[in-house]
Amino acid sequence: MALIFGSPKKAADKDDIKNDRRLHLAKEMYLAGKLKIMSTETIPGREIQSAFGLIVCRSYVFDNAFYGLMAQAVDVNADAIIGYRESVAFHPEGDKYYSCYGTAVRMKKVK
C-alpha cells in the first residue's frame, strides 16, 4: 500500500545535530581528529587492539546517519571505524534514506 499511495513524510529535522548532545559531541570528536574513519580494513602505521563489531546508523538526513555512527563508536569506546561504507535508498516520492556502517575498533597506543 505504501507503494501505491506513498509513504508518510518523515519529520526529519535538519537541526537534530544541534539538539542531540551525543551527535554534537561525536561531530566535535571527528572534526578534531580524535575519531578516525577509514574505508580500508586497516589504518596505515597502526595496529588494531580489539574490534567491537559492525555498527550501523540510518536516517533520512545524511548528517544524522554519519554522526550517529560516530556516536555509536564513541559509546563502545572505539577510537576508529574501519571498512566504512555508506548507501542511500530512494523512495518513489523522492525521499532518501541514508545508511552508514563500518567496524568499530580500538587501536593500540602509538609508542
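Residues numbered from 1 in each chain as written. Predicted model: local features only at pLDDT ≥ 70, side-chain atom pairs only at ≥ 80, totals over all residues. Heavy atoms only, no water.

Draft legend 1. Broad picture of the confidence of the model for the protein. The share of residues in the protein with pLDDT of 70 or more is 82%, and the mean pLDDT across the chain is 84. Here helix α1 (residues 2–5) is the element of the protein with the lowest mean pLDDT, 44, and strand β3 (residues 80–90) is the one with the highest, 95. Below pLDDT 50 for its whole length, residues 1–9 participates in 12 contacts with residues either more than four positions away or in separate chains. (pLDDT = per-residue confidence, 0-100. Helix = DSSP H or I, 4+ residues; strand = E, 2+ residues; numbered from the N terminus. Contact = heavy atoms within 4.5 Å.)

Draft legend 2. Structural view of unusual backbone geometry. Residue Asn77 is not a glycine yet carries a positive backbone phi of 70 degrees. You can see Asn77 is positioned in the loop between α4 (62–75) and β3.

Draft legend 3. Expanded view of the sheet that holds strand β2 (residues 48–59). Strand order in the open sheet formed by 4 strands is β1-β3-β4-β2, with mixed pairing between adjacent strands. The open sheet terminates on both sides in strands that have one partner only, identified here as β1 (36–37) and β2. Pairing analysis gives 2 bridges linking β1 to β3, with the strands arranged parallel. Directly across from Ile37, in β3, lies its bridge partner Ile81. On the sheet, α4 packs against β1, β2, β3 and β4 (96–107) and is oriented at approximately 150 degrees with respect to β2. (Pairing = 2+ DSSP bridges. Axes fitted to C-alpha atoms, helices over the stretch in contact; angles between N-to-C directions.)

Draft legend 4. Quick look at the pattern of salt bridges. This structure, assessed with the given rule, holds 3 salt bridges. Salt-bridge contacts for Asp75 lead to Arg22; the nearest nitrogen and oxygen are separated by 2.7 Å. Of the two residues, Asp75 is situated in helix α4 and Arg22 in helix α3 (residues 21–31); the sequence distance between them amounts to 53 residues. Assessed through its relative accessible area of 51%, Asp75 is described here as exposed. For Arg22, a relative accessible area of 40% gives the class partly exposed. The partner of Arg106 in a salt bridge is Asp79, with the nearest N and O atoms 3.7 Å apart. Residue Arg106 is located in strand β4, and its partner Asp79 is located in the loop between α4 and β3; the two are separated by 27 residues in the primary sequence. Asp79 matches Arg106 in its accessibility class, with the two residues each being buried. (Salt bridge = Lys/Arg side-chain N within 4 Å of Asp/Glu carboxyl O. Buried < 20%, exposed > 50% of the residue type's maximum accessible area, 1.4 Å probe, protein only.)

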